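Residue strings, one per chain:
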Amino acid sequence: MAEAADFQGMTPSPARRWMRRTGALLAGAPLLAGLLQLPTAAPTQAAGQDSVKAASGSGTVAVAVDSLTPSAPSDGDTLTVSGTVTNKGKQAVTDAQVDLRLGGALNTRSAIDRIAGRGDYQQGVDAAPMGGKYVKEFPKLTPGVSQHFSISVPVDKLDLGEDGVYEFAVSLSGETSARPWDQVLGIQRTFLPWQPDEADTKTRTTVMWPLISTAHMTAQTGSNESQTPVFRDDDLAKEIAPGGRLEQLVSLGKELDVTWVIDPDLLASVDAMTESYRVQGEADATTAGTHQALAKQWLAELQEAVQDKEVVALPFGDPDLASLAHNGTNVTGSLSHLKEASDVAADTVDSILHVEPTTDFAWPVNGAVDPSIVKVATSAGADKVIARSDSLAETAGLPYTPSASRPVGGGTTAVVTDARMSTLFQGNLTRASSSTLAVQRFLAQSLALNLQTDNQRNIVVAPQRMPTASQARAMAEAVTALQDGTWSQSQDLTAAATAKPDSSATTQVPAASKYPSSLRKQELPRSAFTQIAITQDKLDKFKVILTNQDRVVTPFGRAMNREMSTSWRGRSAEAADYRNGVEAYVDSLAGQVTLIDKSETKLSGRSATIPVTVQNNLVQGAEHLVLRLTSSSPRRLEIGGERFDEQPVAVSGGHSQTVKFTTSAQANGQATVVAQLYTEDGQKYGAPVTFDVKVTEFTATVMLVIGGGFLLLVLAGFRMYTQRKRAAAHAAEEDAAEADGAEETSEADGDPENPEGPEDRLTHEDLLEEESRTSARQEAPEQPSDPTPDTAAESADPSGTGERVDR
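Residues numbered from 1 in each chain as written. Predicted model: local features only at pLDDT ≥ 70, side-chain atom pairs only at ≥ 80, totals over all residues. Heavy atoms only, no water.

> Would you explain the packing of aromatic side chains in this entry?
Each aromatic ring pair is described using two quantities: the centre-to-centre distance and the angle formed by the ring planes. Applying the stated criterion across every chain yields a total of four aromatic pairs. An angle of 50° between the planes, with centres 5.4 Å apart, marks the rings of F425 and F442 as tilted. Taken together, the residues F425 in the loop between α13 (419-422) and α14 (432-450) and F442 in helix α14 connect sequence positions 17 residues apart. Judged by relative accessible area, F442 falls into the buried class, the value being 1%. Sitting above the plane of the W363 ring, R465 keeps its charged end 4.3 Å from the centroid. (Phe/Tyr/Trp six-rings, centres within 6.5 Å; stacked < 30°, edge-to-face > 60°. Helix = DSSP H or I, 4+ residues; strand = E, 2+ residues; numbered from the N terminus. Buried < 20%, exposed > 50% of the residue type's maximum accessible area, 1.4 Å probe, protein only. Lys NZ or Arg CZ within 6 Å of the ring centre and 35° of its normal.)

> Looking at this structure, I do not really get the sheet that holds strand β6 (residues 164-175). What am I missing?
Paired through their backbone hydrogen bonds, the strands of a sheet run either parallel or antiparallel. Spatially, four strands are ordered β4-β3-β6-β7 in an open sheet, and the strand pairing comes out antiparallel. Every interior strand has two partners, whereas the edge strands, β4 (135-141) and β7 (183-194), have only one. Between one strand and the next, the sheet's axes are offset by a mean angle of 20°, whatever the strand orientation. In the sheet, strand β3 (residues 93-106) pairs with β4 via six bridges, with the strands oriented antiparallel. Bridge pairing links V98 to K136 in β4. The strands touched by helix α5 (residues 109-117) are β3, β6 and β7; relative to β7, the strand with the most contacts, the crossing angle is about 155°. Helix-sheet contacts for α14 involve β6 and β7, and the interaxial angle to β7 is about 45°. (Pairing = 2+ DSSP bridges. Axes fitted to C-alpha atoms, helices over the stretch in contact; angles between N-to-C directions. Contact = heavy atoms within 4.5 Å.)

> Would you take a moment to explain the side chain of D320 for this structure?
Among the structural elements, D320 can be located in the loop between β14 (311-313) and α10 (321-328). The class for D320 is buried, based on a relative accessible area of 2%. Engagement of the side chain of D320 in a polar contact is seen with the backbone nitrogen of A322, the distance being 3.3 Å. The residues contacting D320, other than those within four sequence positions of it, are M564, S565, T566 and R569. (Polar contact = N/O pair within 3.5 Å; in protein donor to acceptor, adjacent residues only side chain to side chain.)

Here it is, written out as structure tokens:
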């Protein structure tokens, strides 16, 4: 069979190779005859198939076409094919030769798909080798060793006929010790587009060039005036560094005539990196970011690249429209987040790139649509939905690919991208051979599409959202060749969307049941949108107390847009971590305005004041708060004369305020008191503080003080009574003594013979002076510092009869 295949193409082969093959056949004839004389076992069908494959040896050698230049040759060009051949078997391959095989023209796009899907060499199906001098020979291919080849052939030697796409293959044939005859051991197929002259009708082709990344910024910002942003990681620096994915997209895209499709979140993140920023580390620690110069350089190159080019701005964060349509519309507030993301998109792009973007396009993941997705996509203001032809498929049996624009009702236009061309640059394209095959197949599909009809059409190519650096390079190579070709001309996305639609094209949006299950499994769940709504509710309650709401509303609003991002598909655990981090951060900020805990309080008397302290650890002031103090036992303890009392609260940043409430006790006992902050609209704010108040109208201490005072009064009264009684007795004694003296004096005066001398007689003046001194001593006021006398006032006179003298 192998020989037959070679003889089929013997005309262009050299006589030397024919003689080698013939000799090998003759040498093996006796062995074959001996084998035929042996008894044979009954072979199975599978064994027969294996023997055919083994006889051909196809797949023993891997053939890689690393480059094919020019990709779309023209008259007078020389086609150069280079690559490698690698012996994957266990035996050495001898007399190896690399051949070029040019097949016939392929008339349909599906024929290109069929050829690309074929694997091993198929005798009678694959084209004959060109032979001649356009070969590369290897005396020996050692197992596991790769050999490079390069073959150049003038295009006019290819005998290309009419315009079209031709199957083009590179094969290796040779011998092994186990099978010492010439056979095809490996083959690689590709395509050669042939359109040497300008096409009469060119396809208008739009290529979307996406600049989208994952979520890198958090809701957290610094407490300084500039609110230093905090990043989840420093991976964005790797993407914009030389050779990085985003750097490649910008440097390659600036040389192409493409429509830039940009997520404003990416621009905002890189712009934040141009100033001071921090990166999260372990245990909530952050480190200073150091890639300011890199960010500035990337933005400057992007600003230059998009000048005079169409820029389409997606909603901020590139929200997952399908997840929102299928799982989020029943959650309050979800659509409002989409509207906010759309509203900030234009301003973000304009302020950073200094171009006015188009914002009326919505791009569901992979262009898969159903009625609910279209409804959600247009709810935020977009009137053009980017779909894909494997979702909005043709049902009318058209023999050609219609234009992209399709009116789907309600003033909405579906821009249907070409699925074949849009999905060619996926997978691992790091190897040159994989990239070359993708480029050649892209050009083949484009030319085959153009040759379908003489009617001019508008075709849109939408690659994957986040191509790798190698994928971007392959895309750029293909687009460059297409734009330098003869059958296509570039066009903006808006022009393609507004072009006259094909009246025969399908406009029916597929039902929800047609949505791919593989994509549905990757959607954000309903619980994700519920958590976003909870976070928003917490933010709403928090922001009303702030003096500068923008410091928290803006970063949290953008963070919640990122929580809905399409980039979370396939990364559910990371998505949950991000949502948890945003919610935890709003909780921590709201918790910075709180009540200070109180221990048990004791009140004595009928009225008292209870202080409650509000602490604000934010950098900005908190206002519009009301502090309510409530008694659980108003019959025992009233607050402000009622069950509860309220007072407004306003606390400066970094300070605290103590609010005092007047209480009145109605009865002894214990009462529980609850302190709770409220916003001015009556919503509770933060956790309450509960403490006990022990009410004692007259406590033991008070009773002791009162009893002591009463006892002192009684003692003082008794002392005054005894002092007065003693003074009266003393005065009576003095009066009696004076009476006795007067009687004696009278007797003396009555004796004319014994008159008293002047020195022994008390005159009236002397008595008055003595009385005055006694009165002064009794009336002298007692000084506060004087000790209370233990006895009555002393007298110089002799004690009267029966008087007790204290010592």
